[in-house]
Amino acid sequence: MCTSVLFLYRACPLALDAVLGVLKLETNRSELEALAKSYGELWSKHANLKWLDIWLQAQSCVTSHDFKGAATAFQKFEKQGFGVPADTTSDMAACMLKLGKKSEAEELFAKARAQDEHVLKHMDAYARVVAFDKLERLSSELLYSSSCHAEPWVAKAWHHSKNKQFTLAERTKANIFLQKAISFGGNAEASFLQASLCFANQGFRLAVQKYSEAIQLDPSFFEAYEALIRCYLEARSDKEALSLARVAKKYIKQPAYQYYLEGIALSQKPSSLSRAITALQKAVEVEKGFEKGILILSNLYIQDGKAEKAVQMLSKQLQRHPSAVLHAELGSCYTRLKRFQEAMEQYVLALRKDPFLERAQQSLDLLRRGADQSVMSVAAGEGEAVLGAGNLEGLEVCTVRSDAKGV
């Protein structure tokens, strides 16, 4: 098959689908690159074809999981004044998402939709990160464009999964739409959401299977690795969790993500707590503002009896990058230290930034009801699971809700 594709490429260097086919097969890539280089010398002499060389650089980086290199290559389109089609804009958005730059990714996805309302490429990934209030319109428009592709059905499934009124009926609809998506072929985003629904319903064995399937379809799917490690930890399979974190290093090229996965894989055993803390410290050092890493590290500091250290880290981070989630986490740390007034102030700040942050609202309500010392003791102690501080399992890996009525 690869030989046939290469033959086609030799005959027609503008057959871009052939290029992508060879890159995805990962065999004979060196021959393709040699051919592309020779064509690149030709393209460079023709102003109308210069963009092809940039495009090939970017796609080669994508298929080798070098998303930072891909993003740099894609940016050359605009710097050199080339028009960027909607599909390429969507490719750029997907790269930003892989690099953990969610806001930039959402802006680029929206730009791709503005360029071409019928663009489908990577829209399933867009549905995973976009806010719920935009999902109904997005999924409806995607289905209007095509009902014969997986992406619209995955978006529809996310719309039902993120619904705050997440009932058994909503879960059933989401699963039906995911089955429809998978009927068009393997889809990593569909498998990921299927796994998340199973995980939220305590179906860990099936969740492991589906998360593994998502990783097989997309070996650079960071969130799937993170969630699968979580499944292994729930099953007390610490060795499998650590093994998976090491396997991920082959495909997840960002050092911060590598340290992060290692850290959460080591986080459950007291004997490996110090190693987990060291790994998470490296993660937040390598990537400033790495919110996931900061939240888990704060959690581990508390487990290690170093709540004051968590307070210092969060306070410093909030000066640089204020966020609702970090304010809520700092409030939880203050609660642990029985500094209730300061905790309430942080929850108020969190809710000003995100009025729908349930964790902050629940914690604030509990503290406001705690006029007597007995309730305050609950808030600082055994009520910690409700507040969400110092509790690794309380940190959401999956974005679907687990409180479906009737489940």
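What this report covers is the structure whose coordinates are included nearby. Note that the coordinates shown come from a computational prediction; the quantities given were computed from them, not determined experimentally.

## Details of the overall build of the protein chain
The helix and strand tally for the protein chain stands at 24 helices and zero strands. Scored against the burial criterion, the 407 residues of the protein chain give a buried share of 53%. Long-range contacts, defined as pairs at least 24 residues apart, comprise 56% of the intrachain contacts of the protein chain with a sequence gap of at least 6. Total accessible area on the protein chain is roughly 19,500 Å²; 53% of this is exposed by carbon and sulfur atoms.

## A short note on the side chain of Ser161
You can see Ser161 is positioned in helix H10 (residues 150-161). Ser161 sits in the buried class, given a relative accessible area of 0%.

## Considering the pattern of salt bridges
Applying the stated criterion across every chain yields a total of 15 salt bridges. Lys210 is the partner of Glu213 in a salt bridge, and the nearest nitrogen-oxygen pair spans 3.7 Å. Note that Glu213 and Lys210 are positioned in helix H13 (residues 204-217) at a spacing of three residues, about one turn of the helix. Relative accessible area serves as the criterion here: at 25%, Glu213 is assigned to the partly exposed category. Overall, the relative accessible area of 15% leaves Lys210 in the buried class. The residue Glu308 makes a salt bridge to Arg339 at a minimum N-O spacing of 3.3 Å. In this pair, Glu308 is assigned in helix H19 (residues 307-320) and Arg339 in the loop between helix H20 (324-336) and helix H21 (340-353), connecting sequence segments 31 residues apart. Given a relative accessible area of 40%, Glu308 falls into the partly exposed group. Assessed through its relative accessible area of 26%, Arg339 is described here as partly exposed. Among the ionic contacts, a cluster of salt bridges with common partners joins Arg113, Arg137 and Glu141.

## Details of unusual backbone geometry
Positive phi outside glycine occurs at His65, with the angle close to 65°. Its place among the elements puts His65 in the loop between helix H4 (50-63) and helix H5 (67-79). The exposure class assigned to His65 is buried, which follows from its relative accessible area of 11%. Positioned with a positive phi, Lys338 is a non-glycine residue whose angle comes to about 65°. Position of Lys338 among the secondary structure elements: in the loop between H20 and H21. What makes Lys338 exposed here is its relative accessible area of 54%.

## Some thoughts on the environment of Gln57
Examined against the element boundaries, Gln57 turns out to sit in helix H4. Note on Gln57: relative accessible area 31%, which makes it partly exposed. In the structure, Gln57 is positioned 16 residues away from Ala73 in sequence and 6.4 Å away in space, judged by C-alpha atoms.

Reading the values: rules and limits
- Residues numbered from 1 in each chain as written.
- Predicted model: local features only at pLDDT ≥ 70, side-chain atom pairs only at ≥ 80, totals over all residues.
- Heavy atoms only, no water.
- Helix = DSSP H or I, 4+ residues; strand = E, 2+ residues; numbered from the N terminus.
- Buried < 20%, exposed > 50% of the residue type's maximum accessible area, 1.4 Å probe, protein only.
- Contact = heavy atoms within 4.5 Å.
- Areas by Shrake-Rupley, 256 points an atom, 1.4 Å probe, with all protein chains shown as cover.
- Salt bridge = Lys/Arg side-chain N within 4 Å of Asp/Glu carboxyl O.

The quantities given are spatial measurements derived from coordinates; they are silent on function.
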